[in-house]
Structure formats: structure tokens, C-alpha cells
Amino acid sequence: MSVSENLNKILSQIEAEESKCALTKGSVKLLAVSKFHTIEEIEEAVKAGQKAFGENRVQEAYQKFTELYKKYPDLELHIIGQLQTNKVKKAVEIASVIESVDRIELLKEIEKQASKLEKKIEVYFELHTAEDSKSGFDSFESLKEAVDFCAKGNVPHVIPKGFMTMAPFTENQDLVRMSFKKLKEASESLRNEYPELPLTELSMGMSGDFPIAIQEGSTEVRVGTAIFGERNYNK
Ligand SMILES: *Cc1c(COP(=O)(O)O)cnc(C)c1O
């Protein structure tokens, strides 16, 4: 199947899940994860109407999206992979959201670079909810410290917009669901504690598990393989 056919299939699956869960149509956003795929493949998705993309490596994203923005200035790029401090400058330059915030040091560097560019940038806090993922804050307490750091006004160019997690890679749907529930609970607790912050987004669900994620309250699913096909890591 082509990228546009895959895209339409995923969009109708999202819509079906929204309707099952009595959610407004269009309330769950689709982020097309284009890592390891070419500019041409991304363009196919753009031509089919997709605007929001996710990439996990800054260097690769930078090369592809500085080109793509020339032709399609209204694309939206989310950085979803673990981010080294020395890559933050480029990440802030090209992305509108950094979903993989996993330490306060990173928030400070994002603030520094965003203020230089006089740009506001949205971030999601990543929570580690499953054993076989390595990334994210490793406890609710450390996550809360980072949210609190934002709430205290330390990073005025950073908009704390939501939370992200990756479920375990397993056939066991209960484990997957548990991981999503953990993020949902953490987000509800922090929204209650910091009602002044715009923490509306819950980024959870990938090709293999996005229907479960939507059932558990996801507002954004990050789908790569089911749109673009298998990634070729040898490229
Ligand atoms: C690669 C990636 C995805 C997409 O995974 P698929 O299984 O290809 O849909 C989603 N989220 C993150 C953080 C990723 O790195």
C-alpha cells in the first residue's frame, strides 16, 4: 500500500476508536513518525494532507526539515527521541515541540536556546513507564520536580504542554495498558497540582498499540511503521 493509503487507513482507525470512546472526531492527533524515511516519502504524506511529523534524531531531522520547510512552511515537527544537550540548539531551531524532555538540565538548555531565537517552544515531559525503554524520568517525583521547575517561572520560553511515554514492546496488552494508565495518572495528578500550566497533551501509542492508548486517554499517537513501512536501519 502507498503512504497515502496507509495514512487514510490509520486516520479511519483513529476515528473508529474516537467514536467507540465517545470522543469528538479529530480530538486525537496523528503524528507521522518519519525517522529513517526520505524527504520524498515525507512529501507523499504531506501531499495526502499530513502536517505533523515526528523525528528522533536531530541531525537527520535538521537535514530533512530545513529542506521541507522551504516548500511547506506550515509543517509541524516534534522531536521524540532522547536529546543530548549539544543538539538542543538545532532541535529548537527546527521543532515546534520537544516531546522527550527527561531532565531539568535539558529544560535549562532549551530555555537558553529558545530565548536566543526569541522563540517559544512546547515541551512534553517523558515518563519512563516500562522496563524495556530506557528513556524518560524514572520516577513520578523526578517528573514532578521538572514540572515544578517550569511552574516557578524558570523557563519563560518553554511551554509545558504535556506528557509522553513509550509502552513496552510486548504482545501482553495488559502490560501495555498499564504503562498508558501510569502516564494518565501522573498527568492528572500534575494537572491538579499545577492548574496554571497548559498540560493538556498525552502523547502515547505507536503503530502496534495506538488503539489501546486512545482508550486510555491519549491525545496524540505517534505512528511510523504503519504509515511509512519498515525502517531500514542500514541506510
Ligand atoms: C519510532 C518511534 C515511534 C513510532 O514507532 P512505530 O512502531 O514505527 O509506529 C513512536 N515513538 C517514538 C518515541 C519512536 O522513537
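Residues numbered from 1 in each chain as written. Predicted model: local features only at pLDDT ≥ 70, side-chain atom pairs only at ≥ 80, totals over all residues. Heavy atoms only, no water.

Caption draft 1: Representation of the side chain of Glu 109 in the model. Take Glu 109: it is sitting in helix α5 (residues 104–116). We note that Glu 109 is buried and unpaired, the nearest opposite charge coming from Lys 112 at a distance of 4.0 Å. Once residues lying within four places of it in the same chain are set aside, the contact partners of Glu 109 are Thr 85 and Val 88. (Helix = DSSP H or I, 4+ residues; strand = E, 2+ residues; numbered from the N terminus. Buried < 20%, exposed > 50% of the residue type's maximum accessible area, 1.4 Å probe, protein only. Lys, Arg positive; Asp, Glu negative; His and termini not counted. Salt bridge = Lys/Arg side-chain N within 4 Å of Asp/Glu carboxyl O. Contact = heavy atoms within 4.5 Å.)

Caption draft 2: Looking closely at helix α6 (residues 140–151). Its twelve residues give α6 an end-to-end C-alpha distance of 16 Å, which sits within 8% of 16 Å, the value for a rise of 1.5 Å per residue. Three or more residues of α6 are buried, namely Leu 143, Ala 146, Val 147, Phe 149 and Cys 150. When α6 is viewed along its axis, its buried side chains cluster within an angular range of 150 degrees and face the same direction. In α6, the exposed residues that point more than 90 degrees away from the buried face are Glu 141 and Glu 145. Tucked inside the fold, the buried residues of α6 contact α5, β5 (121–126), β6 (158–164) and α7 (173–193). Phi for Gly 153, located one or two positions after α6, is positive at around 85 degrees. (Expected span 1.5 Å × (residues − 1). Arc of directions from axis to C-beta.)

Caption draft 3: Summary view of the layout of surface pockets. For the largest pocket, the calculated volume is near 770 Å³. Lining of the largest pocket is provided by 32 residues; of these, Met 166, Ala 167, Phe 169, Met 206 and Arg 231 occupy positions nearest its centre. Of the residues in the lining of the largest pocket, the class split is eleven nonpolar, twelve polar and nine charged. (1 Å grid on protein atoms, 1.4 Å probe; cavity = no way out; pocket = protein on both sides within 12 Å on 5 of 7 lines; lining within 4 Å. Points joined across faces, edges and corners; volume = space filled by probe spheres on them. Nonpolar A, V, L, I, M, F, W, Y, C, P; charged D, E, K, R; others polar.)

Caption draft 4: The packing of aromatic side chains, seen in detail. Taken as a whole and judged by the stated rule, the model has four aromatic pairs. Here Phe 125 and Phe 163 contribute two aromatic rings whose centre-to-centre distance is 6.0 Å and whose plane-to-plane angle is 40 degrees, an arrangement assigned as tilted. Taken together, the residues span a long stretch of sequence, with Phe 125 in strand β5 and Phe 163 in strand β6 at a distance of 38 residues. With respect to class, Phe 125 is no different from Phe 163; both count as buried. Sitting over the face of the ring of Tyr 62, Lys 90 holds its NZ or CZ atom 4.7 Å from the ring centroid. (Phe/Tyr/Trp six-rings, centres within 6.5 Å; stacked < 30°, edge-to-face > 60°. Lys NZ or Arg CZ within 6 Å of the ring centre and 35° of its normal.)

Caption draft 5: Structural context of unusual backbone geometry. Even without being glycine, Ala 22 reaches a positive phi, approximately 55 degrees. Judged by its relative accessible area of 72%, Ala 22 falls in the exposed class. Residues other than glycine seldom take positive phi values, yet Glu 118 does so here, at roughly 50 degrees. By relative accessible area, which is 74% here, Glu 118 ends up exposed.

Caption draft 6: Region of interest: a positive patch on the surface. A surface patch of positive charge is lined by Lys 89, Lys 90, Lys 112 and Lys 116. Elements supplying a minimum of two residues to the positive patch: α4 (88–94) and α5. (Patch = residues over 30% accessible without salt bridge, like charges linked within 9 Å, V, L, I, M, F, W, Y side chains within 5 Å. Areas by Shrake-Rupley, 256 points an atom, 1.4 Å probe, with all protein chains shown as cover. Charge placed at Lys NZ, Arg CZ, Asp CG, Glu CD.)

Caption draft 7: Fine view of the pairing of strand β1 (residues 29–33). Summarising burial for β1: four of the five residues are buried, a large majority. Looking at chain direction, β1 and strand β8 (residues 220–223) are connected through four bridges and run parallel. Across the sheet, the residue bridging to Lys 29 is Glu 220, located in β8. In this sheet, strand β2 (residues 52–55) lies alongside β1 in parallel orientation, the contact comprising two bridges. Bridge assignment links Val 33 to a residue of β2, and that residue is Gly 54. Note on the crossover from β1 through helix α2 (residues 39–47) to β2: the handedness is right-handed. (Pairing = 2+ DSSP bridges. Right-handed = clockwise from strand over helix to strand, strands pointing away.)

Caption draft 8: Here's a closer look at the site of the ligand. Taken together, Val 33, Lys 35, Ile 80, Met 166, Met 206, Ser 207, Arg 222, Val 223, Gly 224, Thr 225 and Arg 231 make up all the residues around the ligand. Within the backbone of Gly 224, one N or O atom sits 2.8 Å away from an oxygen atom of the ligand. Protein contact buries 91% of the 390 Å² of open area that the ligand shows by itself. At a threshold of 2 Å from the grid points, most atoms of the ligand map onto the largest pocket. (Near = heavy atom within 4 Å. Polar contact = N/O pair within 3.5 Å; in protein donor to acceptor, adjacent residues only side chain to side chain. Sits in = over half its atoms within 2 Å of the grid points.)

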